[in-house]
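Residue-level structure breakdown
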Amino acid sequence: MATTGTNMTRVSRRGFCAGVAAAGVGAWAARPATSHAAQAQSAAPPADYRIERGRIRHSVMGWCFNPMPTAELIEACHRMGMTAMEGIGREFYPQLRERGMHVSLVGSHGFTKGPLDPENRAFCVDKLREGIDVAVQYGSSSVITFTGMRVAGISDDQAMRNCVECWQQVMPYAEEKGVNLCLEHLNTRDDTHPMKGHPGYFGDDVERCIELIKRVASPRMKLLFDIYHVQIMNGDVIRRIRQYKDYIGHVHTAGVPGRNELDENQEINYPAVMRALLEVGYAGFTAHEFIPTWPDKLAALRHGVRVCDV
């Protein structure tokens, strides 16, 4: 029976919301079961995509695309118009140079056995000098270095002195050859995968890494600004780019969390970060070091490159 006035029948807010929710669930259930990765991949550039603006000097870290054959990855990057690669076997360096591409970063002693421990000093010095020689041979501008893992009984102050003394031993040779040593900052928070985080690593604070670089006091000692690791450990990425612009010698990308694609499932606004790098005059390489989850790994790379091609 219809009524009027204060006795008018009303639809309650709770009932209305429940109905809307039920309708939404029904609509969602009717959709095909498509994964986030497959949905994102549908927005990737086509296979014949080539870099358009080219203001960012794109590189890629080869290990992320294992087990894809390195020669196949090189050809795909070359077709895309990428200018460099890193993290691949040195036996592939000639193939890169034949394509007119650069070795954007040469490896050295690795992140576990670093100069923090004085027992590693001779090993690190040898590996860094060897890396410098390889960089000169193939026209690369940079060699990577790390602090190494914390060691029981070595205080933070002593660890910093050990690192600085080791790098200062190498710097005259780096300066003579015109090659940068790039100290990489790594996160210690993610323990889900051996390459997503590095619990126990000493250089996990980007401010500490900058202090180490300042103490080395050489124009050839630089920071490898890994956007993924900085976001996890320190955040405030764009402000830090502006703050540390004079020290940044190399850049890595990856989505946070997860170290995966630079798509809508991660939290960093990569176009804005790339514009900030350009604004401060950064002219080095930006290497994509994300671990693809998309069925088509090269589509993920094309997507990441296009996102950063600002």
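The structure under discussion appears in the preceding block.
Residues numbered from 1 in each chain as written. Predicted model: local features only at pLDDT ≥ 70, side-chain atom pairs only at ≥ 80, totals over all residues. Heavy atoms only, no water.

1. Looking at the overall build of the protein chain
Counting secondary structure elements, the protein chain contains 11 helices and 8 strands. In the protein chain, which comprises 310 residues, the share counted as buried stands at 50%. Accessible surface computed for the protein chain: about 14700 Å², of which carbon and sulfur atoms make up 51%. (Helix = DSSP H or I, 4+ residues; strand = E, 2+ residues; numbered from the N terminus. Buried < 20%, exposed > 50% of the residue type's maximum accessible area, 1.4 Å probe, protein only. Areas by Shrake-Rupley, 256 points an atom, 1.4 Å probe, with all protein chains shown as cover.)

2. Some remarks on the sheet that holds strand 5 (residues 180-184)
Strand order in the open sheet formed by 6 strands is 1-8-7-6-5-4, with parallel pairing between adjacent strands. Only two strands of the sheet have a single neighbouring strand rather than two, namely strand 1 (57-60) and strand 4 (142-145). Neighbour-to-neighbour, the strand axes of the sheet open up by a mean angle of 30°, direction not taken into account. Relative to the sheet, helix 11 (residues 297-308) contacts strand 1 and strand 8 (285-288), its axis offset from that of strand 8 by approximately 145°. (Pairing = 2+ DSSP bridges. Axes fitted to C-alpha atoms, helices over the stretch in contact; angles between N-to-C directions. Contact = heavy atoms within 4.5 Å.)

3. Regarding the layout of surface pockets
Each pocket or cavity is described by its volume, and for the largest pocket that value is around 400 Å³. Every residue lining the largest pocket is counted, 24 residues in all, and those nearest its centre are Met61, Trp63, Ile144, Phe146 and Glu289. When the residues that make up the lining of the largest pocket are grouped by side-chain class, the tally is 11 nonpolar, 8 polar and 5 charged. Approximately 180 Å³ is the volume attributed to the second largest pocket. What lines the second largest pocket is a set of 17 residues, among which Ile248, Gly249, Tyr282, Ala283 and Gly284 lie closest to the centre. Among the elements that line the lining of the second largest pocket, the one with the most residues is strand 7 (residues 248-253), at 3 residues. Across the lining of the second largest pocket, the residue classes tally to 5 nonpolar, 8 polar and 4 charged. (1 Å grid on protein atoms, 1.4 Å probe; cavity = no way out; pocket = protein on both sides within 12 Å on 5 of 7 lines; lining within 4 Å. Points joined across faces, edges and corners; volume = space filled by probe spheres on them. Nonpolar A, V, L, I, M, F, W, Y, C, P; charged D, E, K, R; others polar.)

4. Here's the deal with the pairing of strand 4
With burial as the criterion, each face of strand 4 is covered, one bearing Ser142 and Ile144 and the other bearing Val143 and Thr145. Relative to strand 5, strand 4 runs parallel, the two sharing 4 bridges. Pairing of Thr145 across the sheet is with Leu183, part of strand 5. Running through helix 6 (residues 156-177), the crossover from strand 4 to the neighbouring parallel element strand 5 is right-handed. (Right-handed = clockwise from strand over helix to strand, strands pointing away.)

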